[in-house]
Amino acid sequence: MIERAVPDDAGEVLTLQRAAYLSEAQLYGDPYIPPLVESLEQMRKVIEGAVVLKAVESGRIVGAVRGRLSGATCLVGRLVVAPDLQGRGIGTALLRALHEQVPEAKAFDLFTGHLSEGNLRLYRRLGYRETHRERMDDHLTLIHLRMTPEPADG
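Computed from a predicted structure; not experimentally measured.

A. Inspection of the overall build of the protein chain at higher detail. When helices and strands are tallied, the protein chain shows five helices and seven strands. Helices (α) and strands (β) of the protein chain occur, in sequence order from the N terminus, as β-α-α-α-β-β-β-α-β-α-β-β. The globule rule puts the C-alpha radius of gyration for 154 residues at 15 Å, and the 15 Å found for the protein chain is close to it. Counting every position in the protein chain, which comprises 154 residues, the buried fraction comes to 45%. A fraction of 61% describes how many contacts in the protein chain between residues 6 or more apart in sequence connect residues 24 or more apart. When the accessible surface of the protein chain is totalled, it reaches about 8,700 Å², and 50% of it is carbon and sulfur. For the protein chain, the distance from the average site of its 19 positive side-chain charges to the average site of its 21 negative ones is 2 Å.

B. Geometry of the packing of helix α1 (residues 10-28) against helix α3 (residues 40-49). Between α1 and α3, the least distance of the axes is 9 Å, while the angle of their chain directions is 110°. Overall, the two elements α1 and α3 adopt an arrangement that is roughly perpendicular. When the axes of α1 and α3 are compared, the crossing they make is right-handed. In this structure, α1 contributes A10, G11, V13, L14 and Q17 to the contact, and α3 contributes L40, M43, R44 and I47. Grouping the constituent residues of the contact of α1 with α3 by class yields six nonpolar, two polar and one charged.

C. Structural detail: the sheet that holds strand β6 (residues 129-137). Read from one edge of the open sheet, seven strands run β1-β2-β3-β4-β5-β7-β6, paired in mixed fashion. Whereas interior strands pair on both sides, the edge strands pair on one side only; in this sheet they are β1 (2-4) and β6. Averaged over all pairs of adjacent strands, the angle between their axes in this sheet comes to 25°, without regard to strand direction. Pairing of strand β3 (residues 60-70) with strand β4 (residues 73-81) involves seven bridges; the strand directions are antiparallel. Note on β4: the bridge partner recorded for G67 is V76.

Criteria and thresholds
- Residues numbered from 1 in each chain as written.
- Predicted model: local features only at pLDDT ≥ 70, side-chain atom pairs only at ≥ 80, totals over all residues.
- Heavy atoms only, no water.
- Helix = DSSP H or I, 4+ residues; strand = E, 2+ residues; numbered from the N terminus.
- Rg over C-alpha atoms; globule rule 2.2 N^0.38 Å.
- Buried < 20%, exposed > 50% of the residue type's maximum accessible area, 1.4 Å probe, protein only.
- Contact = heavy atoms within 4.5 Å.
- Areas by Shrake-Rupley, 256 points an atom, 1.4 Å probe, with all protein chains shown as cover.
- Lys, Arg positive; Asp, Glu negative; His and termini not counted.
- Charge placed at Lys NZ, Arg CZ, Asp CG, Glu CD.
- Axes fitted to C-alpha atoms, helices over the stretch in contact; angles between N-to-C directions.
- Parallel < 35°, antiparallel > 145°, perpendicular 65-115°, else oblique.
- Left-handed = near helix turned anticlockwise from the far one by under 90°.
- Nonpolar A, V, L, I, M, F, W, Y, C, P; charged D, E, K, R; others polar.
- Pairing = 2+ DSSP bridges.

Next comes the structure, spelled out in structure tokens:
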């Protein structure tokens, strides 16, 4: 079940985010990536000010994603799935739900690291296309991607 997160979910979403991003931190050799150092208060503020969706299974939050409109573009961030449940379509369902929750967006933008092959496969499968690369330092290049939804018939 996918639904909007509420401020009381901040602790559980933050715990899930940290668990999900540990593999990214190891992949890039950086334990201080933003998803791992975000505070509980910062998470609460994000939930209050953006569209934050959570996937719930048996009462447990098993996935989350956030989106924030900037003009006509939805900036997508922090797509996370519990490590023990990855590869079951939860990330796909969350992204599709976010696309539906922000119908006014003319485009959805996100980024991931150049070594994050699983993430890149997922995003490309959902219609995201690379727009540019941004070299952050010797061990990290961010790949920026954009998805433009098909206009609704009518």
